[in-house]
Amino acid sequence: MQRRMLSKEDEAATEDIEVRREDQEKINKFSTLHQKETGIEEELKGKQKEKEDLEEISTELELVDEDEKVPYKIGDCFVSLPQSEVLELLTASTEDIDQDVTKLEEKLGAVREQMSELKVALYARFGRSINLET
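First, a word on what this report is: a plain description of the structure on this page. Predicted, not measured: the structure shown is a model, and the values here were computed from it. Here the residue numbers are simple positions, counted from 1 along each chain's written sequence. The predicted nature of this model means local features are confined to residues of pLDDT at least 70 and side-chain atom pairs, given and counted, to a pLDDT of 80 or more, with totals for whole chains, interfaces and linings taken over all residues. The basis for the side-chain values is all heavy atoms of the structure; hydrogens and waters are excluded.

### A look at the nonpolar core
Then, in step 1: Only buried residues count toward a nonpolar core, which is a set of Ala, Val, Leu, Ile, Met, Phe, Trp, Tyr and Cys residues joined through side-chain atoms within 4.5 Å. To sort residues, take the accessible area from a 1.4 Å probe on protein chains only and compare it with the maximum for the residue type: under 20% means buried, over 50% means exposed, and anything in between is partly exposed. One finds Leu61, Val86 and Leu90 to be the most contacted residues of the largest nonpolar core, which totals 23 residues.
Then, in step 2: Counting from the N terminus, the helices are the DSSP runs of H or I reaching at least four residues and the strands are the DSSP runs of E reaching at least two. Looking at this core, the elements that each hand over two or more residues are helix H2 (21–61), strand S1 (69–74) and helix H3 (83–126).
Then, in step 3: The dominant element in this core, judged by the number of residues it contributes, is H3, at 12 residues.
Then, in step 4: When residues no more than four places from it in sequence are discounted, the contact partners of Leu61 are Val70, Gln83, Val86, Leu87 and Leu90. Contacts were defined at the residue level, with two residues in contact if any of their heavy atoms lie within 4.5 Å.

Spelled out as structure tokens, the structure:
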């Protein structure tokens, strides 16, 4: 992140701007949305990693004999199930994760849209005297 100092002219121009209550509320809302965005991004990365892992396991299981029993984790315990049944369960889990990812991406899009609206409003009011770059 690059930080720069305001020139004397910019600093003089910004001294006249008073921060109103509504401005402070917008700044607080932006901060809250930024934190929410970060949390959603982390959750999204976790879900995508989990999906990749499940796809990798499914690929590995295709190499196993169909008659062979495969341990499958349900809750805190492992259950030996036929390979075909485990593949079906993995496919269902992958589809569930896909739905979760879609929901998270929609949430993230909505949060980013709100943030961009607030940025426009706050930059229009404060100009270069406020830094909302995340």
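### Looking at the packing of aromatic side chains
Then, in step 1: For this analysis, a ring pair means two rings from Phe, Tyr or Trp (six-membered ring only for Trp) whose centres lie within 6.5 Å, classed as stacked if their planes differ by under 30 degrees, edge-to-face if by over 60, and tilted for the remaining angles. Counting across every chain of the model gives 0 aromatic pairs.
Then, in step 2: To sit over a ring, a charge needs its Lys NZ or Arg CZ within 6 Å of the ring centre and within 35 degrees of the ring normal. Taking NZ or CZ as reference, Arg125 lies 5.5 Å from the ring centre of Phe126, over its face.

### Quick notes on the pairing of strand S2 (residues 77–82)
Then, in step 1: By definition, two strands form a pair when at least two bridges between them are found by DSSP. Inspection of the sheet shows S1 paired to S2 by 6 bridges, in the antiparallel sense. Opposite Ile74, over in S2, you have Cys77 as the bridge partner.
Then, in step 2: Linking S1 back to S2 in an antiparallel pair, the connection comprises 2 residues, with Gly75 at a positive phi of about 70°.

### As for the pattern of salt bridges
Then, in step 1: A pairing counts as a salt bridge when a side-chain nitrogen of Lys or Arg comes within 4 Å of a carboxyl oxygen of Asp or Glu. Throughout the structure, instances matching the rule amount to 10 salt bridges.
Then, in step 2: Notably, a salt bridge pairs Arg125 with Asp23, separated by 2.7 Å at the nearest N-O pair. Here Arg125 is found in helix H3, whereas its partner Asp23 is found in helix H2, with 102 residues between them in sequence.
Then, in step 3: The class of Asp23 is buried, set by a relative accessible area of 2%.
Then, in step 4: In this structure, Lys47 engages Asp100 in a salt bridge whose closest nitrogen and oxygen atoms are separated by 3.3 Å. Placement of Lys47 in helix H2 and of Asp100 in helix H3 is noted, with a sequence separation of 53 residues between them.
Then, in step 5: According to the relative accessible area criterion, Asp100 is partly exposed, its value standing at 28%.

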